[in-house]
Amino acid sequence: MLKKISLLLVAGIVFIGLSLGISAEKSTTKKDIHKQEQKVLSDKKNIKVIFIELGSVNCMPCKMMQPVIADIEKEYGAQVNVIFYDVWTKEGKPYAEQYGIRTIPTQIFLDKDGNEYFRHQGFFPKEEIIKVLEKGGVKI
């Protein structure tokens, strides 16, 4: 009986310690995210569109998007900044919250001023993405 109480006590202390450690972590705010987007635009003067892919490396439609994203980055990298956030990770979760996504993958397109001008949920074929990039001023 004493052994069980000791184990429960140790487990409780470990749980409380972990809980305090997690809650003390610095969270990414909306302001931080907006600053990061603006920095991308100012660092790359030729960038006309920021293409944000919110998904996970463990989701099948998200995996299908990876070659599409790679092609877009390769072909239009001088005009389009492609960003991928794995929203199933601690680092990516704030972006899921920031953009209010409901399903993955979700693609978000920001104009040169950092304003969202288009959003899509689910697999998004390259040909359709190119049309959205053109609307953002990308020269195809």
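Criteria and thresholds
- Residues numbered from 1 in each chain as written.
- Predicted model: local features only at pLDDT ≥ 70, side-chain atom pairs only at ≥ 80, totals over all residues.
- Heavy atoms only, no water.
- Helix = DSSP H or I, 4+ residues; strand = E, 2+ residues; numbered from the N terminus.
- Expected span 1.5 Å × (residues − 1).
- Bend = angle between axes of the 7 residues up to and from the residue.
- Buried < 20%, exposed > 50% of the residue type's maximum accessible area, 1.4 Å probe, protein only.
- Contact = heavy atoms within 4.5 Å.
- Patch = residues over 30% accessible without salt bridge, like charges linked within 9 Å, V, L, I, M, F, W, Y side chains within 5 Å.
- Areas by Shrake-Rupley, 256 points an atom, 1.4 Å probe, with all protein chains shown as cover.
- Salt bridge = Lys/Arg side-chain N within 4 Å of Asp/Glu carboxyl O.
- Pairing = 2+ DSSP bridges.
- Right-handed = clockwise from strand over helix to strand, strands pointing away.

Undergrad: So what exactly am I meant to see when it comes to helix H3 (residues 60–76) here?
TA: For an α-helix, 3.6 residues make a turn, and residues three or four places apart therefore share a direction. Relative to the 24 Å expected for 17 residues at 1.5 Å per residue, H3 spans 25 Å between its end C-alpha atoms, a close match to the ideal helical length. Where H3 bends most, at glutamine 66, the angle is about 30 degrees, and the proline proline 67 comes one to four residues later. Among all positions in H3, only Cys62, Met65, Val68, Ile69, Ile72 and Tyr76 are buried. Summarising the contacts, the buried residues of H3 are in contact with strand E1 (49–55), strand E2 (80–86), strand E3 (106–110) and helix H5 (126–135).

Undergrad: Got a minute to help me understand a nonpolar patch on the surface in this structure?
TA: On the surface, a nonpolar cluster with roughly 300 Å² of combined accessible area is contributed by Met60, Met64 and Phe123. Inspection of the secondary structure assignment puts phenylalanine 123 in the loop between strand E4 (116–121) and H5.

Undergrad: I'm lost on the pairing of E2 in this one. Help?
TA: Each regular strand carries side chains that alternate between the two faces of the sheet. Counting buried positions along E2 gives 6 out of 7 residues, so the element sits mostly inside the fold. Looking at chain direction, E1 and E2 are connected through 7 bridges and run parallel. Residue pairing in the sheet places isoleucine 50 in a bridge with asparagine 81 of E2. With respect to chirality, the unit in which E1 leads through H3 into the neighbouring parallel E2 is right-handed.

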